[in-house]
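Spelled out, the chains give:
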Amino acid sequence: MTLTSDLREPTAGVAVRPARSPWFAVAAVGLGIFALVTSEFLPASLLPGIAADMNVTEGVAGQAVTATAIMGAITAPTIAVVVPRLDRRRLLALLLGLAVVSDVLVALAPWYPLLLLGRLIMGVAIAGFWAMALAVVGQLVSSDKLGRAMTVVNLGVSLATVTAVPLGTFLGDAWGWRPVFWLAGGMAVVALIVLLAWLPPVAAAGAPPLRALVDTARGRTMILGMVAILLVAGGHFAAFTYIRPAAERVPGITSSSLALLLTIFGIAAFVGTMIAGPLADRRLRLGVLAAPVLIGSAVTIFALLSGSYGAVAAAVGLWGLAFGGLPTLVLTWVARVEPNRLEPAGSLATAMFQVAIALGAAVGGVLVDAFDVQTTLIVAGVAAIAGGAVFTSARRVL
């Protein structure tokens, strides 16, 4: 089963391999992801300043994050339908341009509704770029290297996860929150320049986008895959959203030791991203089972052994390692299931991740209020493990 034809021979609907190594083009996509995800995560570290400046509560200011996710869930499955024939290099460039507009609008916003509009625009940019990333990368490298190529792209996510929140906190305290968004806009400009320099033209998929989207969404295997994404990613975000109150159950926990836990998670996620590429290319079925099982096991250990900081730190490290590799493994799985419909398949997976973020956090909140954070983590862990079982039972993908 192959994802692309030989790119050295031009064919309709397939990009021609550039003269330079295609890995430059893959790296350009990864840099774009880094710039976008950094902007996505920034409000989490800047909420107090934003709330004070906008004269709203921190809870209201936090809805800027929710707005981004909701707009992303709408954009991801529809972006190819809206622009069915636009060269994908131009589309990615336009989406990075929207990210620049978003960051500038947020940095200048005198009122909260205008800031919210900026974050809605960011939701379009992030989800649209993510939805196209799989199809674009699938045309740049051969199918046996797709997992490693998606690792390069997803390194942008890992780096943003490790750096965005602490860097945003530090610079926000030193400069104020508005200059941080100016900096994020500058990063998006750099990513746009690199993308235009390194990424060759990439033709849109040949099939009519709406029909392809519907046909892809109706497939039994893809439906099971979307359910699996919802369970695994939803379980992760149901737990991770409440990692702070969960960690505060550890005896003697301080702000410094909490920061260390988050650092451990980020470093482990980076390592997990690096490991996932070769695993996706060689043992994909094992990977899409192992990552969810490790996430679920780690979250459960966290919940049950919270009396020991050492056990919690080990669980957080295992959790980060598994979750860091999850996007690469899931997107490679989706590509193996629908090798001839990479655009709609990538769009559906991206949309489901956005739904999982919102739904996981919401369900987690209900469980925390109705029971306690320990119960929430256990339920989240069981959901993640169940998602792994659904992935491996849906179809043999190797």
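Just so it is clear, the structure is predicted and the values come from calculations on it, not from any experiment.

As for the overall build of the chain
Within the chain, the regular secondary structure consists of 15 helices and zero strands. The globule rule puts the C-alpha radius of gyration for 398 residues at 21 Å, and the 20 Å found for the chain is close to it. Taken over the C-alpha atoms alone, the chain extends approximately 65 × 50 × 35 Å along its principal axes. The burial tally for the chain puts 53% of its 398 residues in the buried class. Taking the contacts inside the chain whose residues are at least 6 apart along the sequence as the reference set, 85% of them involve residues at least 24 apart. Accessible area for the chain stands at about 15900 Å²; split by element, carbon and sulfur atoms hold 70% of it.

Concerning the environment of Gly 272
Among the structural elements, Gly 272 can be located in helix α11 (residues 255–282). Separated by 13 residues in sequence, Gly 272 and Ala 259 have C-alpha atoms that sit 20 Å apart. For Gly 272, the residues in contact, after removing those within four places along its chain, are Leu 321, Gly 324 and Gly 325.

Notes on empty space enclosed by the protein
If you roll a probe as big as a water molecule over the atoms, it shows you where there is empty space left. For the coordinates displayed, the defined rule picks out two cavities of 30 Å³ or more. The space that makes up the second largest cavity amounts to roughly 40 Å³. The wall of the second largest cavity is formed by Pro 43, Ile 50, Ala 61, Ala 64, Val 106, Leu 115, Arg 119 and Phe 181. Only α1 (22–54), α2 (58–75) and α5 (112–140) provide two or more residues apiece to the lining of the second largest cavity. Residues that form the lining of the second largest cavity fall into these classes: seven nonpolar, no polar and one charged.

So, the domain arrangement of the chain
In terms of domains, the chain is made up of domain 1 (22–198) and domain 2 (209–394). Carbon and sulfur atoms make up 70% of the area that domain 1 and domain 2 hide from each other, which totals about 2500 Å². Remark: the boundary between domain 1 and domain 2 carries two salt bridges. As a salt-bridge pair, Asp 281 and Arg 148 come within 2.7 Å of each other at their nearest N and O atoms. In this structure, the connection of domain 1 to domain 2 is made through seven residue pairs in polar contact (both at pLDDT 80 or more).

Quick look at α5
Taking 1.5 Å per residue as the helical rise, α5 with its 29 residues ought to reach 42 Å, and the 41 Å between its terminal C-alpha atoms agrees with that figure. Residue Ala 133 marks the point of greatest curvature in α5, where the axis turns by about 35 degrees. Taking burial as the measure, the 29 residues of α5 include 22 buried ones, the bulk of the element.

Overview of the pattern of salt bridges
The tally for this structure, following the rule as stated, stands at five salt bridges. Among the salt bridges present, the one from Asp 215 reaches Arg 218, with a minimum N-O distance of 4.0 Å. On the criterion of helical spacing, the pair formed by Asp 215 and Arg 218 is a turn pair, its members being three residues apart in helix α8 (residues 209–218). Look at Asp 215 and you get partly exposed, because its relative accessible area is 26%. Looking at Arg 218, the relative accessible area reads 62%, which means it is exposed. Residues Arg 341 and Glu 338 are paired through a salt bridge, measuring 3.7 Å at the closest nitrogen-oxygen approach. You can call Glu 338 buried: its relative accessible area is 13%.

Overview of unusual backbone geometry
Of note, Asn 55 is a non-glycine position whose phi angle comes to about 60 degrees, a positive value. Using a relative accessible area of 70% as the deciding quantity, one classes Asn 55 as exposed.

A few points about a nonpolar patch on the surface
A surface patch of nonpolar side chains, about 620 Å² in accessible area, is lined by Leu 159, Val 162, Ile 267, Phe 270, Val 271, Met 274, Ile 275 and Leu 321. When contributions to the nonpolar patch are tallied by element, the ones reaching two or more residues are α6 (146–175) and α11. Classification of Leu 321 by relative accessible area gives partly exposed; the value is 30%.

Description of helix α12 (residues 284–304)
Here α12 spans 30 Å end to end across 21 residues, near enough to the 30 Å set by a 1.5 Å rise per residue. Listing the buried residues of α12 in full gives Leu 284, Gly 287, Val 288, Ala 291, Pro 292, Ile 295, Gly 296, Ala 298, Val 299, Phe 302 and Ala 303. Along α12, the residues classed as buried sweep out an arc of 160 degrees about the axis, all on the same side. On the buried face of α12, the contacting elements are α9 (220–240), α10 (243–247), α11, α13 (309–337) and α15 (373–394).

Section: the side chain of Asn 154
Relative to the assigned elements, Asn 154 resides in helix α6. The contact partners of Asn 154, leaving out residues within four places of it in the chain, are Trp 130, Thr 273, Pro 327 and Thr 328.

Parameters at a glance
Residues numbered from 1 in each chain as written. Predicted model: local features only at pLDDT ≥ 70, side-chain atom pairs only at ≥ 80, totals over all residues. Heavy atoms only, no water. Helix = DSSP H or I, 4+ residues; strand = E, 2+ residues; numbered from the N terminus. Rg over C-alpha atoms; globule rule 2.2 N^0.38 Å. Buried < 20%, exposed > 50% of the residue type's maximum accessible area, 1.4 Å probe, protein only. Contact = heavy atoms within 4.5 Å. Areas by Shrake-Rupley, 256 points an atom, 1.4 Å probe, with all protein chains shown as cover. 1 Å grid on protein atoms, 1.4 Å probe; cavity = no way out; pocket = protein on both sides within 12 Å on 5 of 7 lines; lining within 4 Å. Points joined across faces, edges and corners; volume = space filled by probe spheres on them. Nonpolar A, V, L, I, M, F, W, Y, C, P; charged D, E, K, R; others polar. Domains from an automatic or database assignment. Buried area = accessible area lost by both parts, 1.4 Å probe. Salt bridge = Lys/Arg side-chain N within 4 Å of Asp/Glu carboxyl O. Polar contact = N/O pair within 3.5 Å; in protein donor to acceptor, adjacent residues only side chain to side chain. Expected span 1.5 Å × (residues − 1). Bend = angle between axes of the 7 residues up to and from the residue. Patch = residues over 30% accessible without salt bridge, like charges linked within 9 Å, V, L, I, M, F, W, Y side chains within 5 Å. Arc of directions from axis to C-beta.

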